[in-house]
Amino acid sequence: MALLVEYSCKATPARRVVEVYDADAYLSDDGAMAAARRQVVAGNGYHLYIRSLQPDIDVEVAIRVWDTPPGPPADAEGHVPVSIESETGVLVVNQLEYGPAGEMTLPRPGVYEGQAWWSGRRATADYYEKSLDHPTDDTFEDHLAQAWNNCPVTERYVLDLAYSREPEVLDEDDL
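Cut-offs used in this document
Residues numbered from 1 in each chain as written. Predicted model: local features only at pLDDT ≥ 70, side-chain atom pairs only at ≥ 80, totals over all residues. Heavy atoms only, no water. Phe/Tyr/Trp six-rings, centres within 6.5 Å; stacked < 30°, edge-to-face > 60°. Helix = DSSP H or I, 4+ residues; strand = E, 2+ residues; numbered from the N terminus. Buried < 20%, exposed > 50% of the residue type's maximum accessible area, 1.4 Å probe, protein only. Lys NZ or Arg CZ within 6 Å of the ring centre and 35° of its normal. Pairing = 2+ DSSP bridges. Axes fitted to C-alpha atoms, helices over the stretch in contact; angles between N-to-C directions. Parallel < 35°, antiparallel > 145°, perpendicular 65-115°, else oblique. Left-handed = near helix turned anticlockwise from the far one by under 90°. Contact = heavy atoms within 4.5 Å. Nonpolar A, V, L, I, M, F, W, Y, C, P; charged D, E, K, R; others polar.

Draft legend 1. Up close: the packing of aromatic side chains. Overall, the coordinates contain two aromatic pairs when judged by the stated rule. Ring centres of Tyr112 and Tyr163 lie 5.6 Å apart, and the angle between their planes is 80°; this geometry places the pair in the edge-to-face category. Of this pair, Tyr112 sits in strand β9 (residues 110–119) while Tyr163 sits in strand β10 (residues 156–165), and the two are 51 residues apart along the sequence. The class of Tyr112 is buried, set by a relative accessible area of 0%. Given a relative accessible area of 23%, Tyr163 falls into the partly exposed group. Between the aromatic rings of Tyr128 and Trp148, the centroid separation amounts to 5.4 Å while the plane-to-plane angle is 25°, which identifies the pairing as stacked. Linking Tyr128 in helix α2 (residues 121–131) with Trp148 in helix α3 (residues 140–149), this pair joins segments that are 20 residues apart in sequence. Both residues of the pair, Tyr128 and Trp148, belong to the buried class. The ring of Tyr163 is capped by Arg108, whose NZ or CZ atom sits 3.4 Å from the centre of that ring.

The structure is reproduced here in structure tokens:
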């Protein structure tokens, strides 16, 4: 099991969602987003939606491509199988309210399969809720900004993927 390439970035989960998608896949998918509410990470083939429990503290999104993806670590809070197709060979990590947080060039275009796993999700949500317990006075916004920038836990989502096959060829009649 060899790690071929790795990328990570911080993203703000506005509306509690961060998405990962192929650079040419612009259309969202309400069904996949709803599925992410139930299983934390869900997709439709071209988009993966990551569902946080809080909307304001940056999360870390890591995408790792392996020759064979490993299983999730023992201390992962949860995991699900994932698949994403990238015709361009470029994956975008997007913040719904703020735009792209970063992008990763894959070793080659194609379908990548593996696992998504996460850690720090519950602890970050608990910290977020606790940070809101402050008197709403002139210092409230400064308090929140400082609290959210200094969260003692990193909410982390990792996509451990491996190349599976060539991307689907679109028939011009389907366009």
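There's more to say after this.
Draft legend 2. Layout of the sheet that holds strand β6 (residues 78–86). The five strands are arranged β1-β5-β10-β9-β6 in an open sheet whose pairing can be described as mixed. Each end of this open sheet is capped by a strand with a single partner; those strands are β1 (3–11) and β6. Taken pair by pair, the neighbouring strands of this sheet meet at an average axis angle of 20°, ignoring direction.

Draft legend 3. Structural view of the packing of α2 against α3. At a minimum axis separation of 10 Å, α2 and α3 run at an interaxial angle of 165°. On the basis of their axis angle, the class for α2 and α3 is roughly antiparallel. The element α2 and its partner α3 pack so that their crossing is right-handed. On α3, the residues touching Tyr127, Tyr128 and Ser131 of α2 are His143, Leu144, Ala147 and Trp148. Within the contact of α2 with α3, the residues separate by chemical class into five nonpolar, two polar and no charged.

Draft legend 4. Inspection of the sheet that holds strand β8 (residues 99–105) at higher detail. Read across the sheet, five strands follow the order β3-β4-β2-β7-β8 without closing on themselves; strand pairing throughout is antiparallel. Two strands close off the open sheet at either side, each with one partner strand: β3 (41–43) and β8. The mean angle between the axes of side-by-side strands here comes to 20°, regardless of whether they run parallel or antiparallel. As paired strands, strand β7 (residues 90–95) and β8 are joined by six bridges and run antiparallel to one another. In the strand pairing of β8, Val92 is matched with Glu103. Here helix α1 (residues 30–39) sits on the sheet and contacts β2 (17–22), β3 and β4 (47–51); the angle it forms with β3, its principal contact strand, is near 155°.

Draft legend 5. Molecular detail of the pairing of β4. The element β4 is largely enclosed, with a buried count of five among its five residues. Here β4 shows a buried face lined by His47, Tyr49 and Arg51 and a second buried face lined by Leu48 and Ile50. With five bridges joining them, β2 and β4 adopt antiparallel strand pairing. Following the sheet pairing, Val17 is matched in β4 by Arg51. Pairing geometry for β3 and β4, over three bridges, is antiparallel. By the bridge assignment for β4, Val41 is matched with Ile50. Once β3 ends, the chain turns through three residues before running back antiparallel as β4, passing Gly45 with a positive phi of about 110°.

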